[in-house]
Amino acid sequence: MNRRHFLRYGLNSAVSMTAASTLPMSLLSSAKARATQDYRAVVCVLLAGGADSFNILVPRSETAYGRYQSRRSDLALSQQTLLPLNGEHEGVSFGLHPAMSSLQQRFNAGQATVVTNVGPLVEPTSRAALETESVRLPLGLFSHSDQILSWQTATPANRAGTGFGGRLIDALPGMNSGLSLAGNISLSGNNSFQSGAATGSYAINANSGVKTIGGFDNDLFKRSFERLMTDPAASTLQTVYGSKIQSAIDAGEFFNSALGQATPLVTPFAGDSFSVAMKRIAELAGLHEQLGVTRQTFFVTYGGWDHHEDTLGQQANMLPALDAGLGQFQTAMEELGLSNQVTTFTISDFGRTLTSNGKGSDHGWGGNAMVLGGAVQGGQLYGHFPEQVEDNPLDVGRGRYLPSTAVDAMYAELSRWMGVPPDALNTVLPNWRNFEGSAQGAGLTGMLAG
Amino acid sequence: MMIRSFVAAVMLSVLAACGGGGGSSSGLPNVPDTGGGGAGGGGSTLPTEPTLEEYRDAALILDVATFGPRQSDIDAVAKTGVDDWLDTQFEMPITGHEPIVRRYGAQYGFDSQVSPVRPALYRRFAFFENALTAPDQLRQLTAYALTQLFVVSETGVLGNNPVGLSNYYDTLLAHSFGNYRDLLRAVTLHPAMGFYLSHVNNAKTDPVANTFPDENYAREVMQLFTIGLYELNPDGTHRLSSDGNPQPTYDNTDIREFAKIFTGLAYAGSADAEPRFGRNRAVLYAPMIMFDEYHESGEKYLLNNAVVPAGQSGIQDIEAAIDNLFNHPNVAPFVGKQLIQRLVTSNPSADYVGRVSSVFADNGTGVRGDLKAVIRAILTDPEVSTSSRIREPFRRFVAVNRALNASPVEGSDIGVTGFFVQNATGQMVLSAPSVFNFYSPFYRPQGGQGQISPEMQIITEDSVVGFINLMAQVLYTDSPMHNHSELAEMRLDLSELNLLVSDTETFLLQIERLFFAGTMSAHTHEVLATALDDAAGLSAQEQVKLVLYLALTSPDQAISERNVPR
């Protein structure tokens, strides 16, 4: 590799751009040995647009369902169609949206759960503190573009530029050899979740896989093109752009050689784009040894959940693909023997108003997050589920719920499970210290085993 | 080097090449025709030729203000100057999109079961036809910029309604050089927006059914179309509170008040049916109409302590709310800065934003919101010459086709040029993933030293390679770029460049003007020149393709910015 080009375009730090071909074989094989014993990954599924998750998890007990039905009016699912979940939570039995049969099955088998009324907070927040403005609040409450960042970054009071996934991998140094970009793989392009201070992320197209530059067959083009990348007078934006090309070239070869060793999955996946992405993630997780990673994040967006109208119809259209994709993925993890080593969770901009606008629901705050995997101590819900009555003190208007659990609590449990040492937790979750020992930070410890 | 006479020689040879007729089959195409050859102006009139710098200025303004420079346009603007070009562009008649969609409809029909081409594609054909050939380029590009501010997207019923989407595009075109208030009103009442942000069929509070007005449009019209989340100074910086914090422009109570304003609107329906709220046919080419009985009738509170009295008609309420937003001090810097970012540069100085914002506030004759004056202020600002912006891959593709005079191999449907490039470029007109567009105006890429670069948000390892391979396909492949056998293939016209390539400097000067806003870096120039040397054994056409492939995929070309002239 040309040294000057290395300096110019290795700006995501030189460490992140160790080309596969330059790795000593001994390093690769030692990484491989460790990976076999100790691989862990989280899969972040972003339901972009703000999924109406109070129609994904619904109370079934008579009184609680009655309240739900009364608050939701034309958006209420009928009680008989709910898929029952085993057990009770806070004295109430629950059910899932009729499309969520895989989640129901996994929940009842103890391999999945739902974290209830979880959302971004800066510090413990009560309705009274909210009304007197005596508490720091997330930027841009109820706004898509802000809350989607708050969820991805877990730094809702500022836009620090790094995300939870990126900082998570940053905090586990020495776990990954090979190409450090492989620590964060996105099936949905650039995202804030995987933005780290030390580690970058790598975007793969779920449909077409890893692309390589066709013109590189032509040696004169390749040689000249590589020289175009070494402009000593390149501007900042040109350098940013060029570094993306350089990672594409380096990582492209690396991933293609790894993917070439993949054994096709037996588990069938559907053909919709979410399932195709989940299948690609399953394949990549299965290649962790070849990729030299022992700690990994994956990111995928399934968008289109901003259901201001036709909530019931649109959820009935879209939830089956979500449920199938999550379920197929879990089956694939079992096939690969990685069931206990990969945990999948959903995030979304926000939950939505419980009350209807006559056609759909509007932007809210707290929502319900699904968590799946062999490590999940499932079969029970986590977090406080708000009573769906008009005068609930958590209701900040039209059934927008102040979160009863902070995003940080959910991420702290994921961090612990991934092996972040307790003293490093505050670098992964800068606001975690605000929540330790508070009700909005409690209740999720032990959700993941091991 | 004797630059001026050298430039003149280039121009002469190009003119000769354009002139058709005998052409140059001598094998020495770029030897200047010293005899004058009917190309006007012999040696003695050299001083009237534009200077090298005037050519650079022309290339730059055409790069930022059109869908891409063509040689003939560069020549013309170099002669007349930027101001004259702007004057001319502002007065040009509008080239609409809907008539083109209807022309395809007349040809192939609108029934997807029957038509040989998916009717949803007609409005993409209309876009490419106009981007490539419409004379009113500045208006076409301004409207395109507005599609990224007032986003509607090809989803749901809109995906199958090319007439509705093209009508929406034409609404943006109609107001591109008009007043921002009229634009905001037209967008608010357009049924495509009504569908996309769900304020069509939005009913007033119903205490019995326990339903409330839809908050969607109320929120996004403030967050995205007019004032944004935080109070701004006229130069676009945050107006901070006494304790140093940004101050929100509105809260959720304001959203609920504005939601009441936008109740009662429904599709216009058809003349032969009884109008009924919520039941009218989804006509997407006529403004929505108001059903006052479904409009929230009580008093409503707007921003800055304005009150809408109870009992007004729905349209009166909407007018009042539009006035309230339009006159908010944020609109000028909020909209002005985003238009600067779309057209010119990603990180305008506060002074630049301030200059544009003051023109928005008052065009000099006391008119607020005069977009013609705003666009002129944006494009004639001194900061244009130091601009830096990642080119949208989608626009790079369009520009290549413009510069190299793409045409269909058979027939005349130039609109088929790019309907299929969504995967390779990460974009398609009116197809953003959400009302938040393809990228955020606040996006700061990793490694960018804090700079904002909205377009970088869609630049990934996958997409950079996708674009490089698209360029190879455009330049080299003989196989169809799309899988619609009923549609023609496009071919680029490399004949002019083929004539120039044997003179490296002349040829690269041409490449520089067409694709590098007038200035490529010394390094890029050196690499391309060396590649040309190394390719000496290839035919002229293959040499041209090689250099184009390198030039069009270089990091230098990916950024619209002025390099230090060599």
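Just so we're clear, the structure is a prediction, and the values are computed from it rather than from any experiment.

Cut-offs and rules
- Residues numbered from 1 in each chain as written.
- Chains lettered and ligands numbered in written order.
- Predicted model: local features only at pLDDT ≥ 70, side-chain atom pairs only at ≥ 80, totals over all residues.
- Helix = DSSP H or I, 4+ residues; strand = E, 2+ residues; numbered from the N terminus.
- Rg over C-alpha atoms; globule rule 2.2 N^0.38 Å.
- Buried ≥ 20, exposed ≤ 12 C-beta atoms within 10 Å, placed from the backbone.
- Contact = placed C-beta atoms within 7 Å.
- Pairing = 2+ DSSP bridges.
- Axes fitted to C-alpha atoms, helices over the stretch in contact; angles between N-to-C directions.
- Parallel < 35°, antiparallel > 145°, perpendicular 65-115°, else oblique.
- Nonpolar A, V, L, I, M, F, W, Y, C, P; charged D, E, K, R; others polar.
- Expected span 1.5 Å × (residues − 1).
- Domains from an automatic or database assignment.
- Core = buried A, V, L, I, M, F, W, Y, C linked by C-beta atoms within 7 Å.
- pLDDT = per-residue confidence, 0-100.

Participant: An account of the overall build of chain A is requested, with residue identities and associated values reported.
Facilitator: Looking only at helices and strands, one finds 15 helices and 11 strands in chain A. Against the compact-globule benchmark of 22 Å for 450 residues, chain A has a radius of gyration of 22 Å, which places it among compact chains. Here chain A holds 450 residues, and the buried ones make up 60% of them. Taking the intrachain contacts of chain A between residues at least 6 apart in sequence as the baseline, contacts between residues at least 24 apart amount to 76%.

Participant: Explain the overall build of chain B to me, using residue names and the numbers behind them.
Facilitator: Each helix and strand counted, chain B has 25 helices and eight strands in total. For 566 residues, the compact-globule formula gives about 24 Å, and the C-alpha radius of gyration of chain B, at 26 Å, lands near that figure. On the principal axes, the C-alpha backbone points of chain B span a range of 85 × 65 × 45 Å. Buried positions account for 54% of the 566 residues belonging to chain B. Excluding contacts between residues fewer than 6 apart, the proportion of contacts in chain B whose partners are at least 24 apart in sequence is 69%.

Participant: Let's hear about the sheet that holds strand 10 (residues 367-372) of chain A: which residues, and what values?
Facilitator: Residue and element names in this part refer to chain A. Here eight strands make up an open sheet; going across it, the order is 7-6-8-1-9-10-5-11 and the pairing mixed. Edge strands, defined here as strands with exactly one partner in the open sheet, are strand 7 (202-203) and strand 11 (405-406). Here helix 12 (residues 311-335) sits on the sheet and contacts strand 8 (295-303), strand 9 (342-348) and strand 10; the angle it forms with strand 9, its principal contact strand, is near 165 degrees.

Participant: Which residues make up the packing of helix 9 (residues 236-259) of chain A against helix 20 (residues 461-476) of chain B, and what values do they have?
Facilitator: Where helix 9 of chain A contacts helix 20 of chain B, the axes come no closer than 8 Å and their chain directions differ by 95 degrees. Considering their axes alone, helix 9 of chain A and helix 20 of chain B lie roughly perpendicular with respect to each other. In contact with A:Lys244, A:Ile245, A:Ser247, A:Ala248, A:Ala251 and A:Gly252 of helix 9 of chain A, helix 20 of chain B contributes B:Glu461, B:Val464 and B:Val465. When the residues that make up the contact of helix 9 of chain A with helix 20 of chain B are grouped by side-chain class, the tally is five nonpolar, two polar and two charged.

Participant: Before we move on, could you go through helix 15 (residues 331-343) of chain B and cite the residues and values that matter?
Facilitator: With 13 residues, helix 15 of chain B extends 18 Å between its outermost C-alpha atoms, agreeing within 8% with the 18 Å of an ideal straight helix rising 1.5 Å per residue. Most of helix 15 of chain B is tucked away: 13 of the 13 residues are buried.

Participant: Outline the pairing of strand 1 (residues 40-48) of chain A, listing residues and values.
Facilitator: Note on strand geometry: in a regular strand, side chains alternate between the two faces of the sheet. Residues and elements named next belong to chain A. In terms of residue burial, strand 1 counts as a mostly covered element, since nine of its nine residues are buried. Because side chains alternate across strand 1, one face comprises the buried residues Arg 40, Val 42, Cys 44, Leu 46 and Ala 48, and the other comprises Ala 41, Val 43, Val 45 and Leu 47, equally buried. Here nine bridges tie strand 1 to strand 8, and the two strands are oriented parallel to one another. Across the sheet, Val 43 pairs through a bridge with Phe 298, a residue of strand 8.

Participant: Which residues make up the interface of chain B and chain A, and what values go with them?
Facilitator: Counting from both sides, the interface comprises 60 residues of chain B and, opposite them, 62 residues of chain A. Elements with a minimum of two residues in the side of chain B that touches chain A: helix 12 (216-223), strand 5 (388-390), helix 20, helix 23 (522-534), helix 24 (540-553), helix 25 (555-558) and strand 8 (559-561) of chain B. Of all the elements, helix 20 of chain B adds the most residues to the side of chain B that touches chain A, at eight residues.

Participant: Now, about helix 6 (residues 144-153) of chain A: what can you tell me, with residues and values included?
Facilitator: Residues and elements named next belong to chain A. A large share of helix 6 lies buried, amounting to nine of its 10 residues. Taken together, the buried positions of helix 6 are His 144, Asp 146, Gln 147, Ile 148, Leu 149, Ser 150, Trp 151, Gln 152 and Thr 153. Of the surrounding secondary structure, the elements contacted by the buried residues of helix 6 are strand 1, helix 7 (164-170), strand 9 and helix 13 (407-418). Note on helix 6: the residue one or two positions beyond its end, Ala 154, has a positive phi of about 55 degrees.

Participant: Could you give me a rundown of the domain arrangement of chain B, with the residues and numbers involved?
Facilitator: Residues and elements named next belong to chain B. For chain B, the assigned domains are domain 1 (3-91 + 494-561), domain 2 (216-326) and domain 3 (333-384). Computed over C-alpha atoms, the centres of domain 2 and domain 3 are 25 Å apart. Each partner contributes to the interface: domain 2 provides 10 residues, whereas domain 3 provides 10 residues. Looking at the side of domain 2 that touches domain 3, its residues break down into four nonpolar, five polar and one charged.

Participant: A description of the sheet that holds strand 3 (residues 83-89) of chain A should follow, citing residues and the corresponding values.
Facilitator: Sheet strands pair via backbone hydrogen bonds, and the direction of the pair is either parallel or antiparallel. Residues and elements named next belong to chain A. Taken in spatial order, the three strands of this open sheet run 2-4-3, and their pairing is antiparallel. If you trace the sheet from one side to the other, it starts and ends with strand 2 (57-59) and strand 3, each paired once. Neighbour to neighbour, the strand axes of the sheet diverge by 35 degrees on average, direction disregarded. Pairing between strand 2 and strand 4 (residues 92-96): three bridges, direction antiparallel. Across the sheet, residue Val 58 finds its bridge partner in strand 4, namely Gly 95. In the packing of helix 4 (residues 101-108) onto the sheet, the strands contacted are strand 3 and strand 4, and the crossing angle to strand 3 comes to about 35 degrees.

Participant: Just give me the short version of the pairing of strand 5 (residues 112-119) of chain A, but keep the residues and values in it.
Facilitator: Residues and elements named next belong to chain A. With eight of eight residues buried, strand 5 is to be regarded as a mostly interior element. Inspection of the sheet shows strand 5 paired to strand 10 by five bridges, in the antiparallel sense. When the sheet's bridge partners are listed, Ala 112 is paired in strand 10 with Leu 372. Summarising the sheet, strand 5 and strand 11 pair through two bridges and their orientation is parallel. Looking at the pairing, Val 118 lines up with Thr 405 of strand 11.

Participant: Requested: an account of the packing of helix 6 (residues 122-133) of chain B against helix 9 (residues 162-175) of chain B, with residues and values cited.
Facilitator: When two helices pack together, their arrangement is given by the angle between the helix axes and the distance between those axes. In the contact formed by helix 6 of chain B and helix 9 of chain B, the axes pass within 8 Å of each other and the chain directions differ by 30 degrees. Contacts between helix 6 of chain B and helix 9 of chain B pair B:Tyr122, B:Arg123 and B:Ala126 from the former with B:Pro162, B:Leu165 and B:Ser166 from the latter.

Participant: Can you tell me about unusual backbone geometry, naming the residues and giving the values?
Facilitator: It is generally the case that most residues other than glycine have a negative phi and that most peptide bonds are trans. With a phi close to 45 degrees, A:Asn117 is a non-glycine residue in the positive phi region. Examined against the element boundaries, A:Asn117 turns out to sit in strand 5. Even without being a glycine, B:Leu430 presents a positive backbone phi close to 55 degrees. Inspection of the secondary structure puts B:Leu430 in the loop between helix 19 (422-425) and helix 20. B:Leu430 gets classed as buried once you count the C-beta atoms within 10 Å, which come to 24.

Participant: Could you give an account of the nonpolar core, naming the residues involved and the relevant values?
Facilitator: Counting residues in hydrophobic clusters, the biggest one holds 274 residues, and the most contacted among them are A:Cys44, A:Ile281, B:Ile378, B:Val547 and B:Leu550. Counting residues per element, this core draws most heavily on helix 9 of chain A, at 10 residues. Not counting residues up to four positions away in its chain, the partners in contact with A:Cys44 are A:Gly165, A:Phe193, A:Thr297, A:Phe298, A:Phe299, A:Phe345 and A:Ile347. Judged by nonpolar contacts, the second largest core, of six residues, contains A:Leu141, A:Phe350, A:Tyr401 and A:Leu402.

Participant: Can you explain the confidence of the model for chain B? Please cite residues and give values.
Facilitator: Residues and elements named next belong to chain B. Across chain B, the average pLDDT comes to 90, with 91% of residues at 70 or higher. For residues 1-44, every residue scores under 50 in pLDDT, and the model assigns this stretch 47 contacts once sequence neighbours within four places are set aside. Model confidence for the complex: the whole-complex pTM is 0.91, and ipTM, which rates the interface, is 0.91.

Participant: Could you give an account of the environment of A:Glu334, naming the residues involved and the relevant values?
Facilitator: All names here are of chain A. Here Glu 334 shows up in helix 12. Using a count of 14 C-beta atoms within 10 Å as the deciding quantity, one classes Glu 334 as partly exposed. Separated by 58 residues in the primary sequence, Glu 334 and Asn 392 place their C-alpha atoms 42 Å from one another.

Participant: Give a detailed account of the environment of A:Ala171, specifying residues and quantitative values.
Facilitator: Residue and element names in this part refer to chain A. Here Ala 171 lies in the loop between helix 7 and strand 6 (184-186). Among the residues examined, Ala 171 registers 23 C-beta atoms within 10 Å and is labelled buried. Taking the C-alpha atoms as reference, Ala 171 lies 10.0 Å from Ala 197; in sequence the two are 26 residues apart.

Participant: I'd like to hear about the environment of B:Ile61, residue by residue, with values.
Facilitator: Residue and element names in this part refer to chain B. Mapped onto the elements of the fold, Ile 61 is located in helix 2 (residues 52-65). Spatially, the C-alpha atom of Ile 61 lies 38 Å from that of Val 157, the residues being 96 residues apart in sequence. Not counting the four nearest positions on each side in its chain, Ile 61 is found in contact with Val 77, Val 82, Trp 85 and Leu 379.

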